[in-house]
Each structure stands twice: as structure tokens, then as C-alpha cells.
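Overview (structure and organization)
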Amino acid sequence: MSVGPRVVVIGGGVIGAATTYWLARRGRRVTLLERGRLSGGASGECGGFLFLQSKAPGPLLELARESLELYRRELPEAIRRACRFRPSGGLVVATEPTTEALLERRAAALEAAGIPLQRWRGSDLPSWLSTRVRLATHCPLEATVMPAAVAPTLAAAAAEAGADIREYTPARALEQRGGRVRAVRTDSERLEADWVVLAAGAWTPPSSSACWAPRPSPGAPRLSPAGGNCCSPLRGRPSPRSPCWTGVIWL
Ligand SMILES: Cc1cc2nc3c(=O)[nH]c(=O)nc-3n(C[C@H](O)[C@H](O)[C@H](O)COP(=O)(O)OP(=O)(O)OC[C@H]3O[C@@H](n4cnc5c(N)ncnc54)[C@H](O)[C@@H]3O)c2cc1C
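Remember, predicted model here, so these are calculated numbers, not experimental data.

**Observations concerning the overall build of the protein**
When you go through the protein residue by residue, the secondary structure sums to 5 helices and 13 strands. Counting over 251 residues, the protein shows a buried share of 31%. Sequence separation of 24 or more characterises 69% of the internal contacts of the protein that already satisfy a separation of 6 or more.

Structure, rendered in C-alpha cells:
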């Protein structure tokens, strides 16, 4: 039976679903509100890379490392499988002297922060990489997931652990009293909350705002997230074994 403070999580992307999952696993009373379908925002459209090499040493790198640890060690195998977690390792390649120098510097900084890397050059390069590649750095810790699967999988597991998951239920307003948010209003209900987690991604309102901004201001550019697929660019050559970044494109 769920006990303790009542938590309302707003947003059913990977952040909201993961927060709900871990709270429910600890027996907390948690309700997740998603205005559309789970994974309907950036989380359903992203590349699905669990990458370390795209981060500079610092808090983001530590969060990414922790996230990989959670996937590897804390999530039950059934959830990992449903998220299509694939511990493929990841690759960054440089084909120009300038990017090679940048990649070398980034690799040294990551190694100093404790990230294991292999450097591949010349005859070390796997046959599925172009011979134009001057340097490739491979991190065996990196992995991929199927982005659209992660939030629904975590939310389903949270529901099994007692969480209340509500799709197509937008949060409309945050009610504040005594300097704290005390309740969340939806179209049909007022949900009392001891804690509210704002996980609405790009739609999260400024912290001082008690109301939800209904839509972007007129004239604001529309952003279209892009999905990615793994493909083999050269006919007759073996497919890449790891996702691969060049700094300009990723495969
Ligand atoms: C093209 C692209 C590629 C990317 N590639 C990667 C990658 O390879 N690896 C990586 O780690 N990251 C990648 N990212 C970044 C990653 O997608 C985001 O950091 C992550 O998905 C953010 O998750 P979120 O839960 O914060 O937001 P979102 O997934 O956007 O979720 C926010 C949710 O809140 C809901 N919401 C909004 N308003 C309300 C409301 N009033 N009430 C209820 N619900 C509401 C929305 O409907 C949405 O579902 C990429 C992003 C893009 C755009």
C-alpha cells in the first residue's frame, strides 16, 4: 500500500515516467498527468543514445553515467528488454585534422574523468568504417534504447507498483498557498499534492507561474523533432556495430 506524501508528476516523457517509476517502487503515492500520450514529446522522437562522449566532464556527464548504471544494474531485465536496451558501445569519428585534434582533447578529458575509451586509427579501424576516418574513439559503456518505448514501459511498471497514470489529462493550473504548490488542477479535478514534479519538458512553465502557458506565442518558430534509424551507408559493407557520431551527423 502506498504511503507518505502525495506526489503529482506533470509530464509523461522519460523524466516524468522515470520519476514516477522510482517513486512508485519506493511505495510512494504518485499520480502522473500526461496531456497527450506517454512519450508524445521529445522522448518519443529522440535518437535513443545513452551517450557519454557527447558530454564534457561535469554534472551532465555524471548524470549520464548514473543513468547508464540504472539501466544496467537497477532495472529488471524485463524492463530493459521492453525498452530495447542495447549495450552496443558508442563511437565518435573524426575525418579532418581539426576534428581529430578536438576529439583527441575531448577523449583525454573524458579519460581523466574515469570514462574508459579505446582509440582506433589506421589498421585498428573496423572494416565497416570508412578509410577516411583519422581517429575513432569507442566507449564500451555506451548503449541505445528505443526512445518511444521507454516512458510507456516505465509508466506501466509504475502502475503495477501502484502509481496512478493518466494520459490525455493536461495539468491546467498549479494552486499555491503559503509559498508552496498545494494542488494541481485538471479539466475535471483538483489533485491535492505535497510535492509536484514539473517534468513537462519544453512546456514547463516558469517557476513563478501558477498557470500553464497554453501554447507557444504567435510567430514562435515551430520545432520538429527528428527520429533516427541505424543504416549501413555502403552497399556490401558490414553494418556498423555501434551508433556513430561525427559531430555533424549520427548513424
Ligand atoms: C531530435 C532529438 C534527438 C535527441 N537525441 C537524444 C539522444 O540520442 N539521447 C539523449 O539522451 N537525448 C536526446 N535528446 C534529448 C531528449 O529527447 C530529451 O532530453 C528528453 O526526451 C526530455 O525528456 P522530458 O521528459 O524532459 O521531456 P518530453 O519528452 O518532451 O516530455 C514532456 C511531456 O510533458 C507533457 N506535457 C506538457 N505540458 C503538459 C501539461 N500541462 N500537463 C501534462 N503533461 C504535459 C508533454 O506532452 C510531454 O509528453 C534528443 C532530442 C531531440 C529533439
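**Quick word on the pairing of strand β6 (residues 135–139)**
With 5 of 5 residues buried, β6 lies mostly within the body of the structure. Because side chains alternate across β6, one face comprises the buried residues Leu 135, Thr 137 and Cys 139, and the other comprises Ala 136 and His 138, equally buried. For strand β4 (residues 90–94) and β6, the ladder comprises 5 bridges, and the chain directions are antiparallel. Note on β6: the bridge partner recorded for Val 93 is Ala 136.

**Regarding the site of the ligand**
Lining the immediate surroundings of the ligand are 30 residues, of which Gly 11, Gly 13, Gly 41, Gly 47 and Gly 201 lie closest. Broken down by element, the residue count for the shell around the ligand peaks at 3 residues, all from helix α1 (residues 14–25). Residue composition of the shell around the ligand, grouped by class: 16 nonpolar, 11 polar and 3 charged.

**Things to note about unusual backbone geometry**
Trans peptide bonds make up most of the peptide bonds, and negative phi angles are found at most residues other than glycine. The phi angle at Arg 84 is positive, at roughly 55°, despite the residue not being glycine. Tracing the backbone through its elements, the reader meets Arg 84 in the loop between α3 (77–82) and β4. Given 15 C-beta atoms within a 10 Å radius, Arg 84 is considered partly exposed. The phi dihedral of Tyr 168 is positive, around 50°, even though this residue is not glycine. Assignment of secondary structure puts Tyr 168 in the loop between β8 (164–166) and β9 (173–177).

**A word on the nonpolar core**
For soluble globular proteins, the rule of thumb is that nonpolar side chains tend to be buried together. Core analysis: the largest hydrophobic core is formed by 42 residues, its most contacted members being Val 8, Ile 10, Ala 17, Leu 154, Ala 155, Ala 158 and Val 184. Of all the elements in the fold, those that place two or more residues in this core are β1 (3–10), α1, β2 (28–33), β3 (49–50) and α5 (147–160). Discounting residues that sit within four places of it in the chain, Val 8 has contacts with Thr 31, Leu 33, Val 184, Leu 191, Ala 193 and Val 196.

**Some details on the pairing of β9**
Both β9 and strand β10 (residues 180–185) contribute to a ladder of 5 bridges, which runs antiparallel. Considered in β10, the bridge of Ala 173 is made with Arg 185. Between the end of β9 and the start of β10, which pair antiparallel, lie 2 residues, with Gly 178 showing a positive phi angle near 60°.

**Observations concerning the confidence of the model for the protein**
In this model, the protein carries a mean pLDDT of 86, and residues with pLDDT of at least 70 account for 80%. Across residues 223–233, confidence stays below pLDDT 50; counting only partners more than four residues off in sequence or on other chains, it has 15 contacts.

**Observations regarding the environment of Arg 180**
By the secondary structure assignment, Arg 180 is in strand β10. Separated by 16 residues in sequence, Arg 180 and Val 196 place their C-alpha atoms 9.6 Å apart.

**Quick look at the environment of Glu 100**
Within the secondary structure, Glu 100 sits in helix α4 (residues 97–112). Sequence-wise, Glu 100 and Ala 136 are 36 residues apart; in three dimensions their C-alpha atoms are separated by 8.6 Å. Once residues lying within four places of it in the same chain are set aside, the contact partners of Glu 100 are Ala 94, Arg 134 and Leu 135.

**A few points about the sheet that holds β10**
Here 3 strands make up an open sheet; going across it, the order is β9-β10-β11 and the pairing antiparallel. Only two strands of the sheet have a single partner each, and these edge strands are β9 and β11 (190–192). Strand-to-strand twist across the sheet, computed as the mean angle between neighbouring axes with direction ignored, equals 35°.

Conventions adopted
Residues numbered from 1 in each chain as written. Predicted model: local features only at pLDDT ≥ 70, side-chain atom pairs only at ≥ 80, totals over all residues. Helix = DSSP H or I, 4+ residues; strand = E, 2+ residues; numbered from the N terminus. Buried ≥ 20, exposed ≤ 12 C-beta atoms within 10 Å, placed from the backbone. Contact = placed C-beta atoms within 7 Å. Pairing = 2+ DSSP bridges. Near = placed C-beta within 6 Å. Nonpolar A, V, L, I, M, F, W, Y, C, P; charged D, E, K, R; others polar. Core = buried A, V, L, I, M, F, W, Y, C linked by C-beta atoms within 7 Å. pLDDT = per-residue confidence, 0-100. Axes fitted to C-alpha atoms, helices over the stretch in contact; angles between N-to-C directions.

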